[in-house]
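What the coordinates show
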Amino acid sequence: MTILSAASRRSRISYDIRLLVFLSGFAALSWEVVWQIKSTLALGVSAWGTALTLATTMGGMSLGALLTGHILKEKSRLRPVRLYGILEILIGLSGLLLPVAFQTINQFDIWVYAKHPDYAALVHILSITAALGVPTFCLGATLPVIGLAAQQYKMSLALLYGLNTLGAACGVLIAAFILIPLLGVSGTITAIAAINILVGITAIAVMDKGVLQQKKAKTAAKKSNPAAASSISWPAALVTVFVTGFATFALEVAWFRSLTSAFLSTTDAFAIMLSAVLIALGIGAQLVGYCKRTNIPIGATAAWAGILILLATPLIERFDRLNFFFGTPALGVLNWFNMTLLVAGGPILCLGIALPWLLDDQSSAKRWGWLYSLNAFAAVLGSVIAGWVLLPSFGFARTAWFVGGLVFLTGLWLLPSIRRKVFLAAGVGALLIAVFCESGIGRTRVQGWPEQRGLSGEILAFHEGPDATISAMDYGNGRRVLIINGFLTTSESSTDNWIDSLHYMPWMGHLPMLMHPDPKKALVICFGTGQTAHAVRVEKPEALHIVDLNKEVLKMAPVFTSNKNVLEDPIVNTTVMDGRAYLRRTQEKYDVITLEPMPPNFAGTGALYSREFYLAAREKMTENGIIAQWMPFHLMSDVSSASIAAALQSVFPNTVLWVDPPSTTGILIGAVDETIDLTTSLPGYDRAGIERDMSMEDVRKAFILDRKAVETYSRFGEIVSDDNQILSYGKEILATRRGGYFNTQENFRLLEKITGRSLYPAAAEN
């Protein structure tokens, strides 16, 4: 009876441990979402910043697992569940300090750029390490501790690792679609920290009932795990976890770059793709026991992973040719998640078997630490090499081939010689299929918008790199377009069918310059094809500064004739940097700032439509300063548009809305001077000898909302802020996916409700 009672108690505790490990994984990936948001807001959006955050996260976890494994191997008696609880509490408490930490980083970054700009990169590394070092170290330290708890309660470490990973998949989705939209970033931080602390207290107060005798546990583990006797050698295990870690993150970089061209580079896109990968990894861990029971060798799982990577790549190349968003936007997102999991899930699942398998084979905290830390280190290396070396040199498809081939050869090496011939034939066949079915990305076609509409044209310039995939295309009849990550960002045309839709671009430059009495210094954020920058130059400033996130966009300027070689003008200077980060760091003051970023719902772009961005802009504007903000009605819901207006007017009370008559694209104008009437004051028309295609009277007629009406308009939205990420997370993301006609019609219905008059009937056909 006593034995049954002890067994029953151990079984109950094992189920409790499973739940806590699941919740721990949930919190861990939720933290990663928050860390990425906070780091980009503090240091700017860039591939370098993303890589730095990833390297710090994985590096801290690697170090935590390695050092903790070494320390615990010396302990003959310990309470692993208690130690696990302490680590979880430390993670939660560290999370609560994040807002203060990143605010300090922000201020330090500004000071460094002003005093010692050459040391900025080093300061970034040290700052992110200081902010994330403790929680990431603790996250890594939980792995060997969980391993000891698994020994104590006779559980499979692979099973626990898989549950932790599945929890992570749920954490990504719930953080992106529920927590941040409902609670904001600050509320999400509190909620995640509460989960960590609750897990920790539960582990210590409720479940910490036994002391682990490590030597006995090791013996018991070996007896209960006969499959360990047939495991691969220790050096082979190290090679295997290195290769699979490298391959998983290299594939994330390569495949995600292609998938964003099909799905758009929105925050929900990344959350859905990452969750699909984590689900596949979690299922792979759950299959370790089955593989061992059925004598499937670990080499076979790795070889199959390589084969499936090669076979999946041609399918992923063609995702942009499929229409995922039929029916409702929510159904379209679900369809895209299912397709990603269906195509990419198989190879990722096979990759995800190796690490938990090899962790399960070991009974030493030191070896658990080595395996996990080496896998994490290889993951960082894989993402960096894929982003900065393989993608620019070979493109995403060939990068995936390389990764698939590397994994396949590793699996072949691990296989018994009797099985190698069959797998070798299958691997060669998969490679031939991948090569033969390559779709010619970067040479004969580009992914994204054109393919979805059945257009074909000539590739004038093409670049794949860590920041983005950028293409310049010529579709004949004088139409050239700039495509970034599959999205047609901007274009130029001499064809009547397209001129109207592009008319607002030069007026993003003309309009704010005309509203300033004497604009000497102007700033253009986001270059595109350069039409806005050229229009600003036409208005004769003494200096024009252009800031763009990607140097490749500036390199493609000669392809577009409409900018009239603006970059070669001696009054022009350029900076490659995130626009918001530049405004914080610069000491310059501007008379005019105009910006046309990527769409508001794209990853990282919402920061350029927020109250904090407008505050940074106002600090760098002169007393008569004018700011112009692009309002793409066709890409936003009416709530999103009103929210941008609310954010701008919260900083610039004197804000008006101008709508370009031919294109029905909006431009919000804000002025530092609150006394002038922006709808009538156009002193720039006094500057003679400047060619414009709209008269003063035509421009005045295009003002739709005056200052008072914008106040009313703003009440239909919420102020976009660093905490309230309404443009990047939540239901507004789904609302904007209707696109084009639907969004434009919705926006104009709201404008007509405010003004009480019919506005631009052509908008219904845009």
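Along each chain, numbering runs from 1 in the same order as the chain's sequence is written. Owing to the predicted nature of the model, reporting of local features is limited to residues with pLDDT of at least 70; listing and counting of side-chain atom pairs is limited to 80 or more, with chain, interface and lining totals taken over all residues. Side-chain measures were taken over the full set of non-hydrogen atoms in the model, leaving aside hydrogen atoms and water.

1. Notes on the overall build of the chain
- A run of H or I in DSSP becomes a helix once it reaches four residues, and a run of E becomes a strand once it reaches two; helices and strands are each numbered from the N terminus. Check the secondary structure of the chain and you find 26 helices and 14 strands.
- When a residue's accessible area, from a 1.4 Å probe over protein chains only, is under 20% of the maximum for its type it is buried; when over 50% it is exposed; and in between it is partly exposed. Here the chain holds 766 residues, and 60% of them are scored as buried.
- What sets the accessible areas is the Shrake-Rupley method with a 1.4 Å probe; for residues, cover comes only from the shown protein chains. For the chain, the exposed surface amounts to about 29,700 Å²; the carbon and sulfur share of it is 62%.

2. Re the side chain of Asp591
- Positionally, Asp591 belongs in strand E10 (residues 590-595).
- Buried and without a salt bridge, Asp591 has Lys520 as its closest oppositely charged side chain, separated by 6.6 Å.
- Every residue pair with non-hydrogen atoms within 4.5 Å of one another is taken to be in contact. Setting aside residues up to four positions removed in sequence, Asp591 forms contacts with His516, Asp518, Pro519, Lys520, Lys521, Thr622, Asn624, Gly625 and Ile626. The charge count treats Lys and Arg as positive and Asp and Glu as negative. His and the chain ends do not count. In what follows, salt bridge is the name for a side-chain nitrogen of Lys or Arg lying within 4 Å of a carboxyl oxygen of Asp or Glu.

3. Remarks on the sheet that holds strand E6 (residues 487-492)
- Pairing is antiparallel across the open sheet formed by four strands, whose spatial order is E3-E4-E5-E6. Strands at the two margins of the open sheet, each flanked by one partner only, are strand E3 (458-464) and E6. Taken over all neighbouring pairs, the strand axes of this sheet differ in orientation by 15° on average, direction set aside. Strands qualify as paired when DSSP identifies two bridges or more between them. Lines fitted to C-alpha atoms define the axes here, with helix axes fitted over just the stretch in contact, and angles between the N-to-C directions of these axes take values from 0 to 180 degrees.

4. Things to note about unusual backbone geometry
- You will see that Lys154, though not glycine, has its phi angle at about 55°, which is positive.
- Its location among the elements puts Lys154 in the loop between helix H5 (120-152) and helix H6 (157-205).
- Judged by its relative accessible area of 64%, Lys154 falls in the exposed class.
- Positive phi is not limited to glycine here, since Cys526 has a value of about 85°.
- By the secondary structure assignment, Cys526 is in the loop between strand E7 (521-525) and helix H18 (531-538).
- Cys526 sits in the partly exposed class, given a relative accessible area of 22%.

5. Comments concerning the packing of aromatic side chains
- For this analysis, a ring pair means two rings from Phe, Tyr or Trp (six-membered ring only for Trp) whose centres lie within 6.5 Å, classed as stacked if their planes differ by under 30 degrees, edge-to-face if by over 60, and tilted for the remaining angles. Taken as a whole, this structure holds seven aromatic pairs when the rule is applied.
- Ring geometry for Phe108 against Trp111: centres 6.0 Å apart, planes inclined by 10°, an arrangement best described as stacked. Of this pair, Phe108 and Trp111 both sit in helix H4 (residues 98-115), three residues apart, which is roughly one turn of the helix.
- Seen from their ring centres, Phe633 and Phe748 are 5.6 Å apart, and the 75° between their planes marks the pair as edge-to-face. Placement of the pair is Phe633 in the loop between strand E11 (621-631) and helix H22 (638-651) and Phe748 in helix H26 (residues 740-755), with a sequence separation of 115 residues. Each member of the pair Phe633 and Phe748 is classed as buried.

6. Examining helix H14 (residues 417-436)
- Under the 1.5 Å per step criterion, the end-to-end length of H14 is 29 Å for 20 residues, consistent within 8% with the ideal 28 Å.
- Two axes enter the bend calculation: one fitted to the seven residues ending at the residue in question, the other to the seven starting there, and the bend is the angle between them. Taking the largest bend as the criterion, H14 deviates by roughly 25°, centred on Phe423.
- Turning to H14, its buried residues number three or more, namely Phe423, Gly427, Ala430 and Ala434.
- Tucked into the core, H14 has its buried residues touching helix H11 (298-317) and helix H13 (365-414). In this scheme, a helix's expected span is set at 1.5 Å multiplied by one less than its residue total.

7. Considerations on the nonpolar core
- In plain words, nonpolar cores are sets of buried Ala, Val, Leu, Ile, Met, Phe, Trp, Tyr and Cys residues tied together by side-chain atoms within 4.5 Å. Core analysis: the largest hydrophobic core is formed by 136 residues, its most contacted members being Trp31 and Trp255.
- Setting aside anything within four residues of it in sequence, one finds Trp255 in contact with Ile309, Ala312, Thr313, Ile316, Ala344, Pro347, Ile348, Phe396 and Ala400.
- Counting 94 residues, the second-largest nonpolar core is a separate cluster that includes Ala468, Ile484, Ala616 and Leu682.

8. A word on the packing of helix H3 (residues 80-96) against H5
- One way to put it is that H3 packs onto H5 with a least axis distance of 9 Å and a crossing angle of 160°. On the basis of the axis angle, H3 is roughly antiparallel to H5. Of the two elements, H3 crosses H5, and the hand of that crossing is left-handed. Within the contact between the two elements, H3 uses Pro80, Val81, Leu83, Tyr84, Leu87, Glu88, Leu90, Ile91 and Ser94 and H5 uses Val134, Pro135, Cys138, Leu139, Ala141, Thr142, Val145, Ile146, Leu148, Ala149 and Gln152.
- Here the residues of the contact of H3 with H5 are counted per class, giving 16 nonpolar, three polar and one charged. Working definition: roughly parallel below 35 degrees, roughly antiparallel above 145 degrees, roughly perpendicular at 65 to 115 degrees, and oblique for all remaining angles. Crossing handedness is defined as follows: a turn of the near helix away from the far one that is anticlockwise and smaller than a right angle gives a left-handed crossing, while the clockwise case is right-handed. Residues are sorted three ways: Asp, Glu, Lys and Arg are charged, Ala, Val, Leu, Ile, Met, Phe, Trp, Tyr, Cys and Pro are nonpolar, and all the rest, Gly among them, are polar.

9. Examining the packing of H4 against H5
- The geometry of H4 relative to H5 is characterised by a closest axis approach of 10 Å and an angle of 170° between their N-to-C directions. By the criterion of interaxial angle, the relationship of H4 to H5 is roughly antiparallel. Between H4, through Leu98, Ala101, Phe102, Ile105, Phe108, Asp109, Val112 and Tyr113, and H5, the contact on the second element is made entirely by Ala120, Val123, His124, Ser127, Ile128, Ala131 and Leu132.
- Here the contact of H4 with H5 is composed, by residue class, of 12 nonpolar, two polar and one charged.

10. Observations regarding the pattern of salt bridges
- Taken as a whole, this structure holds 17 salt bridges when the rule is applied.
- Among the salt bridges present, the one from Asp361 reaches Lys292, with a minimum N-O distance of 2.6 Å. Of this pair, Asp361 sits in helix H12 (residues 329-361) while Lys292 sits in helix H10 (residues 288-293), and the two are 69 residues apart along the sequence. No difference in accessibility class separates Asp361 from Lys292, as the two residues are buried.

11. Considerations on the sheet that holds strand E9 (residues 572-576)
- The mixed open sheet is built from eight strands, whose spatial order is E9-E8-E7-E10-E11-E13-E12-E14. Looking at which strands have only one partner, the edges of the open sheet turn out to be E9 and strand E14 (703-705). Neighbour-to-neighbour, the strand axes of this sheet turn through a mean angle of 25°, independent of strand direction.
- Here helix H24 (residues 707-714) sits on the sheet in contact with E11, strand E12 (654-659) and E14, set at roughly 85° to E12.

12. Details of the pairing of E7
- In terms of burial, E7 is largely enclosed, as four of its five residues are buried.
- Looking at chain direction, E7 and strand E8 (residues 543-548) are connected through five bridges and run parallel. Looking at the pairing, Ala522 lines up with Leu544 of E8.
- Regarding topology, H18 serves as the crossover connection from E7 to the parallel E8, and that connection is right-handed. Here a crossover is taken to be right-handed if, once the strands point away from the viewer, the path from the first strand over the helix to the second is traced clockwise.

13. Structural notes on the state of the cysteines
- Any pair of cysteine sulfurs within 2.5 Å is marked as a disulfide. Considering all chains together, one arrives at zero disulfides under this definition.
- Cys350 takes part in no disulfide bond, and the closest cysteine sulfur, belonging to Cys291, lies 8.4 Å away.

14. A few points about the environment of Ser258
- Residue position: Ser258 is located in helix H8 (residues 234-263).
- Residue classification places Ser258 among the buried positions, given a relative accessible area of 1%.
- Remark: the alpha-carbon pair of Ser258 and Gly486, spanning 228 residues in sequence, is separated by 8.4 Å.
- Residues within four places of Ser258 in sequence aside, it is in contact with Ile316, Glu317, Phe396 and Gln447.
- A distance of 2.8 Å separates the side chain of Ser258 from the side chain of Gln447, its partner in a polar contact. What qualifies as a polar contact is a pair of N or O atoms within 3.5 Å, subject to a donor-acceptor requirement within protein and to the restriction that residues adjacent in sequence count only when both atoms come from side chains.

15. Quick notes on H22
- Between its first and last C-alpha, H22 extends 21 Å over 14 residues, near the 20 Å set by a 1.5 Å rise per residue.
- The buried count for H22 comes to 12 of 14 residues, which makes it a mostly enclosed element.
- Regarding H22, the residues found buried are Asp638, Ser640, Ser641, Ala642, Ser643, Ile644, Ala645, Ala646, Ala647, Leu648, Gln649 and Val651.

16. Re the environment of Ile704
- Note that Ile704 resides in strand E14.
- C-alpha separation for the pair Ile704 and Gly666, spaced 38 residues apart in sequence, amounts to 9.3 Å.

17. Details of the confidence of the model for the chain
- Considering every residue of the chain, the mean pLDDT works out to 87; 89% of them sit at 70 or more.
- pLDDT is a residue-level measure of predictor confidence that goes from 0 to 100. Per-residue pLDDT stays below 50 along residues 216-230; that stretch engages in 12 contacts with residues further than four places along the chain or on separate chains.
- With pLDDT under 50 throughout, residues 762-766 is counted as low confidence; its partners more than four residues away or in other chains account for nine contacts.

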